[in-house]
Every structure is written in structure tokens, then in C-alpha cells.
Amino acid sequence: MREERDIFGKYLSRHNLRDTPQRELILDTFLKREEHVSAEQLYDIIKKRDPSIGQATVYRNLKLLSEAGLAREVDFGDGVLRYEHNYNHPHHDHLICRSCGKTVEVVDTVIEELQKRIAEQYGFELTDHKMYLYGNCGNCRKKSK
């Protein structure tokens, strides 16, 4: 987490923003979560530790973490914007259950190579991509039978 703190501190400095205890708490709390977390979920966790931090502060700082390259916004199509770790985390795609909302992170070199090949075929240079695959997980399929 030291490296992430340095990155965030430099980002704040470059943008003439102060590094406050509230920002440190939001950063630390976010980095300790190894899951997709919404601003509301993160706020609920943080307010238990420091009730003086407002929901808008959490929202603003998640945006800053994204801009600094430490977080990535993910939208699973359910109307809730979530955040996941971006820095020092390998690229991955997502499987999303339409019934229960379960998400699975998928790292597959074959898929990555296919995406590169398709981009090249059409004259594109990939700079980034997101892939979400929707369906029903095994548990939900069992329940529906």
C-alpha cells in the first residue's frame, strides 16, 4: 500500500490538492477491499470509522483514485457504478450472473490474443478494453430447474 499512497500523494500534489486524513482513510479502506465496491458500500464502511466523512467526500475521492490510476470504474449494467483496484492488478474480464449479480473475474490469454488480432484486422491499436459476459451462474441455473 505504500506505493499506492505515494502515487496518490503525487497525484494530489500535481493537482494542488491536500492530502488529508479523510483521503488517507478512503484510500486505505478501498485498497483493503478485494472486491467490486460501490461508493455507497465504501461510504457505509468508512462512516463506521469516521462519521464526520460525508458521502460526497467518498464519491469525489473515488473519482480522484480513478484519475490517479489506482481505481477503475466498472459498470455491470445494473445501474450501480462500482470500483475495483487498477494499479498492479492484471487486466481481467468479467462474467456476471443476471439472476443473483455474482461476478467472476476471468484472466484468459487466448481471449486477450483474440481481441488484439481482431483489433489489428480492422486497423485498430488497442489502448484499453472491457469485456462483460452475462448469463446465469451454476447456482441460479440449479435453482431454476
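Residues numbered from 1 in each chain as written. Predicted model: local features only at pLDDT ≥ 70, side-chain atom pairs only at ≥ 80, totals over all residues. Heavy atoms only, no water.

Peer 1: Run through the side chain of Arg23, naming residues and quoting values.
Peer 2: By the secondary structure assignment, Arg23 is in helix α2 (residues 21-32). Of the buried charged residues, Arg23 lacks a salt bridge, with Asp19 as the closest side chain of opposite charge at 6.5 Å. Every residue in contact with Arg23, bar those within four places of it in the chain, is listed here: Phe8, Leu12, Leu17, Arg18, Asn61 and Leu64. (Helix = DSSP H or I, 4+ residues; strand = E, 2+ residues; numbered from the N terminus. Buried < 20%, exposed > 50% of the residue type's maximum accessible area, 1.4 Å probe, protein only. Lys, Arg positive; Asp, Glu negative; His and termini not counted. Salt bridge = Lys/Arg side-chain N within 4 Å of Asp/Glu carboxyl O. Contact = heavy atoms within 4.5 Å.)

Peer 1: I'd like a rundown of the sheet that holds strand β3 (residues 81-85), residues and numbers included.
Peer 2: Judged by pairing direction, the sheet is antiparallel, and its three strands sit side by side in the order β1-β3-β2 without closing on themselves. Looking along the sheet, the strands with just one partner apiece sit at the ends: β1 (37-38) and β2 (71-75). Sheet topology note: the β2/β3 ladder contains five bridges and is antiparallel. When the bridges of β3 are listed, Asp75 appears paired with Leu81. (Pairing = 2+ DSSP bridges.)

Peer 1: How would you explain empty space enclosed by the protein if you had to name every residue and give the values?
Peer 2: Following the criterion strictly, the structure yields one cavity of 30 Å³ or more and no others. Estimates place the volume of the largest cavity at around 70 Å³. Along the walls of the largest cavity sit Arg72, Val74, Glu84, His91, His92, Asp93, His94, Asp128, His129, Lys130, Met131 and Tyr132, which together make up its complete lining. Looking at the lining of the largest cavity, its residues break down into three nonpolar, four polar and five charged. (1 Å grid on protein atoms, 1.4 Å probe; cavity = no way out; pocket = protein on both sides within 12 Å on 5 of 7 lines; lining within 4 Å. Points joined across faces, edges and corners; volume = space filled by probe spheres on them. Nonpolar A, V, L, I, M, F, W, Y, C, P; charged D, E, K, R; others polar.)

Peer 1: Which residues make up the packing of α2 against helix α3 (residues 39-49), and what values go with them?
Peer 2: Closest axis-to-axis distance for the α2/α3 pair is 10 Å, and the angle between their directions is 125°. Comparing the axis directions of α2 and α3 gives the class oblique. In this structure, α2 meets α3 at a crossing whose hand is right-handed. Mapping the contact onto sequence places Leu25, Ile26, Thr29 and Phe30 in α2 and Leu42, Ile45, Ile46 and Arg49 in α3. The residue makeup of the contact of α2 with α3, split by class, is six nonpolar, one polar and one charged. (Axes fitted to C-alpha atoms, helices over the stretch in contact; angles between N-to-C directions. Parallel < 35°, antiparallel > 145°, perpendicular 65-115°, else oblique. Left-handed = near helix turned anticlockwise from the far one by under 90°.)

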